[in-house]
Amino acid sequence: MAQINENYLKLPGSYLFSTIAKKVAEFQEKNPEREVIKMGIGDVTRPLVPAVIEAMHKAVDEMGTAEGFRGYGPEQGYDFLRNKIVENDYKGLGIEPDEIFVSDGAKSDCGNIGDIFGTDNKVAVCDPVYPVYVDTNAMAGRAGDFINEKWSDLYYMPCTAENGFMPEIPKEKVDMIYLCFPNNPTGETLTKEQLKLWVDYARENESVILFDSAYEAFITEQDVPHSIYEIDGAKEVAIEFRSFSKTAGFTGTRCAYTVVPKDLKVNGTSLNQLWNRRQCTKFNGVPYIIQRAAEAVYTEEGRKQIKENIDYYLENAKIIRESLEKAGLEVYGGINSPYVWAKTPNGINSWDFFDKLLTEAGVVTTPGSGFGPSGEGYIRFTAFSTRENTEKAMEKIAGIL
Ligand code: MLT
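For every chain, the first residue of the written sequence is number 1, and numbering continues from 1 along that sequence. Side-chain atom pairs in this predicted model are given and counted only at pLDDT of 80 or more, local residue features only at pLDDT of at least 70, and totals for whole chains, interfaces and linings cover all residues. Side-chain measures were taken over the full set of non-hydrogen atoms in the model, leaving aside hydrogen atoms and water.

Draft legend 1. Just the overall build of the chain, in detail. Runs of E in the DSSP output that reach at least two residues are strands. Runs of H or I that reach at least four are helices, and both are numbered from the N terminus. From N to C terminus, the chain includes twelve helices and 17 strands. The C-alpha atoms of the chain give 21 Å as radius of gyration, which agrees with the globular expectation for 401 residues (21 Å, within 12%). Across its three principal axes, the chain shows a C-alpha extent of roughly 60 × 55 × 50 Å. In what follows, residue pairs with any heavy atoms lying within 4.5 Å of each other are defined as contacts. Excluding contacts between residues fewer than 6 apart, the proportion of contacts in the chain whose partners are at least 24 apart in sequence is 74%. We compute the radius of gyration over the C-alpha atoms and compare it with the globule rule, which gives 2.2 Å times the number of residues raised to the power 0.38.

Structure, rendered in structure tokens:
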């Protein structure tokens, strides 16, 4: 008889954003006349920029010619894109093209990276946390059992207003550490000095840091690192995930990359080689057309156009911050991030406040507790809506608070 992976049975309910989508669909079915503004999942609304579209069209045309047609591409990504990434995103940081693995998304890479790690590793996560890190470790059997809203074998690092949303360096030895900065969901950041403490810890304890840098394009303040490799010694202890999704509007187009430095070894084994082996076996690369589109992000025009979109979202974040503050909420994030994290008023729990905002104001958010127990009492807004919807949503919320 076939056996299933029993770890899946331990997972609670459905994936956070699927649960929210289901709730919203039910609400809309029951209230078809009500307008609903989505500020839940971090999905972009601005169209792909002209430089990207132009490159994509050109690549489509190439694919229709005998000379330009491409079949399977390299599993790690085409050199033209890997070179551009290194020259632009890692200028002066000593990262080499064969340390870049182009993929179909940071979400998939953050989940799949677990394939190359042993099941006995102790895993540390921030709390609240992007649920993919937790759920994929639970699927792999590294998380133990889900008891009282927590996984028994994970090491949770609470990040709340009380500690300035800074995870505390673990008091025990942990093997894999997931860090996401600028943070999803809190929108808060670490300084270089603070990130250095993690690199030092990882070096001392032979741990590996899985650094999710998907939101680096939203950094506006000095001294906030865009890459963990800005910290000396990080190449020996860290893998970094980056994405074109939020940076360049590729959520529907799918393109991201993961950096696995050749200096990174676990017990003498190169993780770069293991990840390469994994990708060659399980992945056939990102379509040529999409990689050409991603390459255009690094042209002068592309950069300029993308910056306009990022600025647009950051302005939305400012509007959200200011409106919520005016309505009397305690607000965090949104300065170096498209996420604004707010304390719910009068101690209402996260899901109740989510329901209130949906049913009374018609605004979809993400309940903080969906990101982990320390997210209870918070709610997350994304700045990825249109300006018009952002302003409308804030007016509606002000009207019910
Ligand atoms: C989020 O809303 O947290 C993210 O958009 C989800 C994702 O990137 O997968």
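Draft legend 2. Representation of helix 6 (residues 192-205) in the model. The terminal C-alpha atoms of helix 6 lie 20 Å apart, and with 14 residues this matches the ideal 20 Å at 1.5 Å per residue to within 8%. Throughout this description, buried means an accessible area under 20% of the type-specific maximum (1.4 Å probe, protein chains only), exposed means over 50%, and partly exposed covers the range between. Along helix 6, the residues classified as buried are Leu195, Trp198, Val199, Tyr201, Ala202 and Asn205. Summarising the axial view, the buried residues of helix 6 lie within an arc of 155 degrees, below the 170-degree limit, and thus occupy one face. Facing away from the buried side of helix 6 by more than 90 degrees, the exposed set consists of Glu193 and Glu204. The secondary structure elements touched by the buried residues of helix 6 are strand 6 (155-158), strand 7 (176-180) and strand 8 (208-212). One or two steps after helix 6, the chain reaches Glu206, where phi turns positive at roughly 55 degrees. One fewer than the residue count of a helix, multiplied by 1.5 Å, yields its expected span. Relevant arc is that of directions from the helix axis to the C-beta atoms, nothing else.

Draft legend 3. Spatial organisation of the side chain of Ser350. Position of Ser350 relative to the elements: it lies in helix 11 (residues 350-361). What makes Ser350 buried here is its relative accessible area of 0%. At 3.4 Å, the side chain of Ser350 forms a polar contact with the backbone nitrogen of Ser369. Here Ser350 is in contact with Thr344, Pro367, Gly368, Ser369, Gly375, Glu376, Gly377, Tyr378 and Ile379, once residues within four sequence places are set aside. For this analysis, a polar contact is any N or O atom pair within 3.5 Å, provided that within protein one partner can donate a hydrogen and the other can accept it, and provided that sequence-adjacent residues contribute only side-chain to side-chain pairs.

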